[in-house]
Amino acid sequence: MLEIIIFYFLPLLSANVIHHSIVIKKNLLATLAIPLDLGSYLKGKRLLGKSKTFRGFVVIAFISTSLTFLLTMLVHEKDFVSVTLRSFIISTGYMFGELPTSFLKRRFNINPSQQAGGIKGFFFYSLEQIDSVTVAVALSGLMNNLSIYQMTMLLILGTATHIVIDLSLYFKGYKKLISKPFFLTLLTKERRNTKLPRQ
């Protein structure tokens, strides 16, 4: 399972960080920032929204696959073609895993890059942290003959890491254009309220 983490999940998570902290922040490859739903509506509501773009698919898949390729070269992995191809499939599946959540959020009148409050907010934030990881783990399990136990552990580890990275991006300001989850908003308010005035 360690090889799965090194060759597939570390490159994928690294690609995710690079995508948010550099590509989106600096608006690189802007010509690819075309919504996947091409502006389509279903019963008066956007199908997915403007935040899910072709750029995300291209950047995540390219960076993740490239990092896997470099790692296989560094360790002289003989099966580098197969490993690199699997990385591409897993990273693409990871991106596809986000789409059902975006579709559901539009149905519940939650705008792209926005968060809801209360139970609905907690549900959708949790879903956003586990949806893409679940698809990536499922594909990894199928292509690498992982046991249920290994897949479960990988899902727990992957989701926990995904949450840590996501919260770090909020705190570092890389997701300043995206509304914070309600619990982060509450935490920030509490911090502001507990600050003592300067004497």
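The structure under discussion appears in the preceding block.
These numbers come from a predicted model, not from an experiment.

The rules behind these values
The residue count restarts for each chain, going from 1 along the sequence in the order it is written. Local features in this predicted model are restricted to residues whose pLDDT is 70 or higher, and side-chain atom pairs enter the listing and the counts only when it is 80 or higher, whereas totals over whole chains, interfaces and linings include all residues. With hydrogens and water excluded, all non-hydrogen atoms of the structure serve as input to the side-chain values. Salt-bridge detection follows one rule: a side-chain nitrogen of Lys or Arg within 4 Å of a carboxyl oxygen of Asp or Glu. Only protein chains enter the accessibility calculation, which uses a 1.4 Å probe; a residue whose area is less than 20% of its type maximum is buried, one above 50% is exposed, and one in between is partly exposed. Elements are defined by DSSP. Helices are runs of H or I of four residues or more, strands are runs of E of two residues or more, and each kind is numbered from the N terminus. We call two residues contacting when some pair of their heavy atoms lies within 4.5 Å. We call a set of buried Ala, Val, Leu, Ile, Met, Phe, Trp, Tyr and Cys residues a nonpolar core when their side-chain atoms join them within 4.5 Å. Here an axis means a line fitted to C-alpha atoms, over the contact stretch when the element is a helix, while the angle between two N-to-C directions is reported on a 0 to 180 degree scale. Any angle from 65 to 115 degrees is called roughly perpendicular, while one under 35 is roughly parallel, one over 145 is roughly antiparallel, and all others are oblique. Note: crossing handedness is left-handed where the near helix turns anticlockwise from the far helix by less than a right angle, and right-handed where it turns clockwise. Polar here means any residue outside two lists: the nonpolar Ala, Val, Leu, Ile, Met, Phe, Trp, Tyr, Cys and Pro, and the charged Asp, Glu, Lys and Arg; Gly therefore counts as polar.

Novice: Can you help me understand the pattern of salt bridges in this one?
Specialist: It is possible for side chains bearing opposite charge to pair when their charged atoms get close. Under the criterion given, the structure shown has three salt bridges. For Asp 37, the salt bridge goes to Arg 46, with nearest N and O atoms at 2.9 Å. For Asp 37, a relative accessible area of 4% corresponds to the buried category.

Novice: What exactly am I supposed to notice about the environment of Ile 63 here?
Specialist: With respect to the helices and strands, the residue Ile 63 is situated in helix 2 (residues 54-74). Linking Ile 63 and Pro 11, residues 52 residues apart in sequence, is a C-alpha distance of 7.5 Å. The contact partners of Ile 63, leaving out residues within four places of it in the chain, are Ala 15 and Ile 18.

Novice: Please clarify how the nonpolar core should be interpreted in this entry.
Specialist: Nonpolar side chains in soluble globular proteins tend to be buried together. Core analysis: the biggest nonpolar cluster contains 23 residues, and Ile 4, Tyr 8, Phe 9, Leu 12, Tyr 94, Ala 136 and Leu 154 have the highest contact counts within it. Elements with a contribution of two residues or more to this core: helix 1 (2-24), helix 2, helix 3 (80-96) and helix 5 (118-144). By residue number, the principal contributor to this core is helix 1, which donates eight residues. When near neighbours in sequence (up to four residues on either side) are disregarded, Leu 12 contacts Ile 60, Ser 64, Ile 90, Ser 91, Tyr 94 and Ala 136.

Novice: Can you help me understand the packing of helix 4 (residues 99-107) against helix 5 in this one?
Specialist: For any two helices packed against each other, the geometry comes down to the angle between their axes and how far apart the axes lie. Axis separation between helix 4 and helix 5 bottoms out at 9 Å; the angle between their running directions is 160 degrees. In terms of axis orientation, helix 4 runs roughly antiparallel to helix 5. Relative to helix 5, the crossing made by helix 4 is left-handed. Counting all contacts with helix 4, which are made through Thr 101, Leu 104 and Lys 105, the residues of helix 5 involved are Phe 124, Leu 127, Glu 128 and Asp 131. Split by residue class, the contact of helix 4 with helix 5 holds three nonpolar, one polar and three charged.

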